[in-house]
Amino acid sequence: MELAENLRFVDVILALLVVLLGGPLIFALQTFLSKWKNMQRVRRILEAQGVKCLPRQFFSGNVSEMAAINARTQAQPMSDVTNYVAPYVLPHLYEWSKLYGDHFAYSIGFQVRYVLRDPEQARELLVGKAGHFIKPKGRPDAQDLIGGSVASLEGEKWAQHRRILSNAFFLEKLKDMVPRVVALTTAMMKDWEHRIAEAPTVDVAKEFRTLTADVIAHTAFGTSYAEGKMVFEIQHKQQELVAKLLSSVYIPGSRFLPTEQNRYRNKLNRELRRILGDIVQKRMESSEARNGDGKHANDLLGVLLAANKGELHGPQKNLTLTLNEIISECKTFFFAGHDTTSSLLTFTFLLLGTHTEWQERLREEVFQVCGKTQLPTAESLNHLKYVNMVLNESLRLYPAAPAMFRETYKDTQLGETVVPAGTVIVVPIIMWHQDERFWGLDANEFRPDRFEEGISKACKVPGAYLPFSMGPRVCIGQTFAIIEAKIVLCTILQHYRFRLSPEYVHAPMTVFTLRPKFGMPIIFEKLT
Ligand code: HEM
């Protein structure tokens, strides 16, 4: 009798388990099968057109191979300070193209990645047929940095956010930021003054990270670096976590498990949203937030708040943002708005610290345009032709974003190739920037004069120069970044001569943006 009762109990438990676990299991199985089928279809279509699809491991695709190649190549720094860094930054693409030719695709889990080989196709991808592509969603547990913002939204929602945000990036508005950036740069140099007197070497990678963070905190959000510091610190931890996650394959649903890593990720996210929420709230309550005419301030946060209150005018009258959307945008701008510009400045100092003849040429130009001691103005920055050429060349050799990704949601022709729905397309920006076919035999030399007559004359193939991408999703902060970089460069050139320290170890690597693994020690000497 007791046994029969026990058996009935076990039956009930089993039935409950089947009901509770059966649903998720069937869902997981269906997801698995549909991803598997789509992957096989993509591979079949690509192979039929002569694209070599790399042999793959069952679950992980080519993830472990990629991680092994990267680890092997980047275990040692580069042997000398050459600008031909693309094979060091994206070693897996070079190694595979040597093995399989230049028309190939690899896999991250069940996602097939087709490597674009022709810059002409990039124009189709980013401009002509931009509407056929989306930004890949990526793993759901790696969305904390830019999820829900203009950098990741699609369709009408993206267009709405982009239209609102562009109000803060008109050249006329950006001119207002010049005195603020000049003041922050001058303060940094004041801090350097006694440090340099004692020890002339400064790690500019570190200094520019702080400076550019300070600039975005002040100019976009009206906060100081001290207030924004917590945001940057949390985002730094999130970057480390996401970088770790990206070297493994995501198992659907695993982000909901109460693992230590998931708990840590959720804690960082909650904390970040709370701090950003406080910054937004404080601004909403502050009378300083409004100009004398009662309107919201002109900076990025002011524009976002105006959209929240339905205070936009003209064709934008009906565009609004919720507080949650504002917080997501703030997150993205804190993140995208400083590491990129800091990367540009850091590698520009590497180039000018090793090509001192160009440094002198720039200084002469700065003296001519801005004088020896006057602070740069929005007007004077416009006349710095050589500075512009140097920044273009620096972004060519060391693009802050070395690669870009898109995903097709329907079969689409790119050049000769039909790219099947569900394929992720890799745009290998840094490889094209350093390719002799597009730039000539001196592709790897620092030669800013190639930009003397503008970008279109510098490169044989349009589309092979993409530091800020192109088309409707071109970088919204491009002009902001260039104005900032010009101010910093100009102000330092007015006061210091500099050269690369012999302690520098050449190992540029990508942690979201391109950065020198071991910092950028530069030796400064005060101009007399
Ligand atoms: C040297 C500095 C910079 C470089 C090289 C750079 C590069 C890029 C690139 C290549 C993209 C396209 C990414 C893609 O489509 O996958 C992009 C997008 C974006 N950038 Fe920048 N960026 C820089 C500075 C900035 C700054 C200073 C801000 C903000 C103040 C910013 C905000 C954004 C945003 C919001 C997007 C997404 C735009 C959209 O999808 O509509 N960037 N950037």
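Residues numbered from 1 in each chain as written. Predicted model: local features only at pLDDT ≥ 70, side-chain atom pairs only at ≥ 80, totals over all residues. Heavy atoms only, no water.

## Some thoughts on the nonpolar core
Definition in use: Here, the term nonpolar core denotes a set of buried Ala, Val, Leu, Ile, Met, Phe, Trp, Tyr and Cys residues that are joined through side-chain atoms within 4.5 Å. Buried means the residue's accessible area, taken with a 1.4 Å probe over protein chains only, is under 20% of the maximum for its type, while exposed means over 50%, and partly exposed covers the values in between. Should any heavy atoms of two residues lie within 4.5 Å, those residues are counted as being in contact.
Counting residues in each nonpolar core, the largest one holds 147 residues, and the members touching the most others are Tyr106, Ile492 and Phe524. Setting aside anything within four residues of it in sequence, one finds Ile492 in contact with Met188, Met189, Trp192, Phe208, Phe349, Phe498 and Phe524.

## What about the side chain of Glu407?
Going by this rule: Strands here are runs of E lasting at least two residues and helices are runs of H or I lasting at least four, both read from the DSSP assignment and numbered beginning at the N terminus. Under the convention used here, Asp and Glu are negative, Lys and Arg are positive, and both His and the chain ends fall outside the count. We count a salt bridge whenever a side-chain nitrogen from Lys or Arg sits within 4 Å of a carboxyl oxygen from Asp or Glu.
When you line up the elements, Glu407 lands in strand β6 (residues 404-408). The side chain of Glu407 is buried and forms no salt bridge, while Lys137, the nearest opposite charge, is found at 7.4 Å.

## Remarks on the sheet that holds strand β1 (residues 52-53)
Rules: In short, DSSP must find at least two bridges between two strands for them to pair. To get an axis, fit a line to the C-alpha atoms, keeping to the stretch in contact for a helix; angles then go from 0 to 180 degrees between the N-to-C directions.
Strand order in this open sheet of 6 strands is β1-β2-β3-β9-β6-β4, and the pairing throughout is mixed. Each having just a single partner strand, β1 and β4 (133-134) make up the two edges of the open sheet. Where β1 and strand β2 (residues 104-108) come together, 2 bridges link them in parallel fashion. Within β2, the residue paired with Lys52 across the bridge is Phe104. Here helix α5 (residues 119-128) sits on the sheet in contact with β3 (111-115), β4, β6 and β9 (424-427), set at roughly 65° to β6.

## Details of the confidence of the model for the protein chain
Worth spelling out the cut-off: Confidence of the prediction at every residue is given by pLDDT, a number between 0 and 100.
In this model, the protein chain carries an average pLDDT of 89, and 95% of its residues clear a pLDDT of 70 or more. Across the interface, the model reports ipTM at 0.99; the global pTM reads 0.91.

## Describing the packing of helix α12 (residues 300-308) against helix α13 (residues 323-336)
Inclusion rule: For classification, angles of less than 35 degrees are called roughly parallel, those exceeding 145 degrees roughly antiparallel, those between 65 and 115 degrees roughly perpendicular, and all remaining angles oblique. Here a crossing is called left-handed whenever its near helix is offset anticlockwise from the far helix by less than a right angle, and right-handed whenever the offset is clockwise. Gly counts as polar in this scheme, as do all residues outside two lists: the nonpolar Ala, Val, Leu, Ile, Met, Phe, Trp, Tyr, Cys and Pro, and the charged Asp, Glu, Lys and Arg.
The contact between α12 and α13 brings their axes to 10 Å, and the two run at 165°. The orientation of α12 with respect to α13, classified from their angle, is roughly antiparallel. Remark: the crossing between α12 and α13 carries right-handed chirality. Contacts between α12 and α13 involve Leu300, Leu301, Leu304, Leu305 and Asn308 from the first element and Leu323, Ile326, Glu329, Cys330 and Phe333 from the second. Of the residues in the contact of α12 with α13, the class split is 8 nonpolar, 1 polar and 1 charged.

## Thoughts on the coordination of the iron atom of the ligand
This is how the line gets drawn: Listed donors are limited to N, O and S atoms within 2.8 Å of the metal, widened to 3.2 Å for Na, K and Ca; water is not among them, so incomplete-looking sites are possible.
Inspection of the coordination sphere of the iron atom of the ligand shows a single protein donor, Cys475 (SG), at 2.3 Å. The residue Cys475 is located in the loop between α20 (455-458) and α21 (478-495) in this model.

## Thoughts on the site of the ligand
For clarity, the cut-off: We call a residue near a molecule or strand as soon as one heavy atom of that residue lies within 4 Å of the molecule or strand. Counted as a polar contact is a pair of N or O atoms within 3.5 Å, where, for protein atoms, one must be capable of donating a hydrogen and the other of accepting one, and residues adjacent in sequence contribute only when both atoms are in side chains.
Residues in contact with the ligand amount to 26 residues; listed here are only the nearest, Trp158, Arg162, Arg406, Arg473 and Cys475. A distance of 3.0 Å separates an oxygen atom of the ligand from a polar atom in the side chain of Lys135. Arg162 places a polar side-chain atom, nitrogen or oxygen, 2.8 Å from an oxygen atom of the ligand. When residues of the shell around the ligand are traced back to their parent elements, those giving at least two are α6 (155-166), α13, α14 (339-354), β6 and α21.

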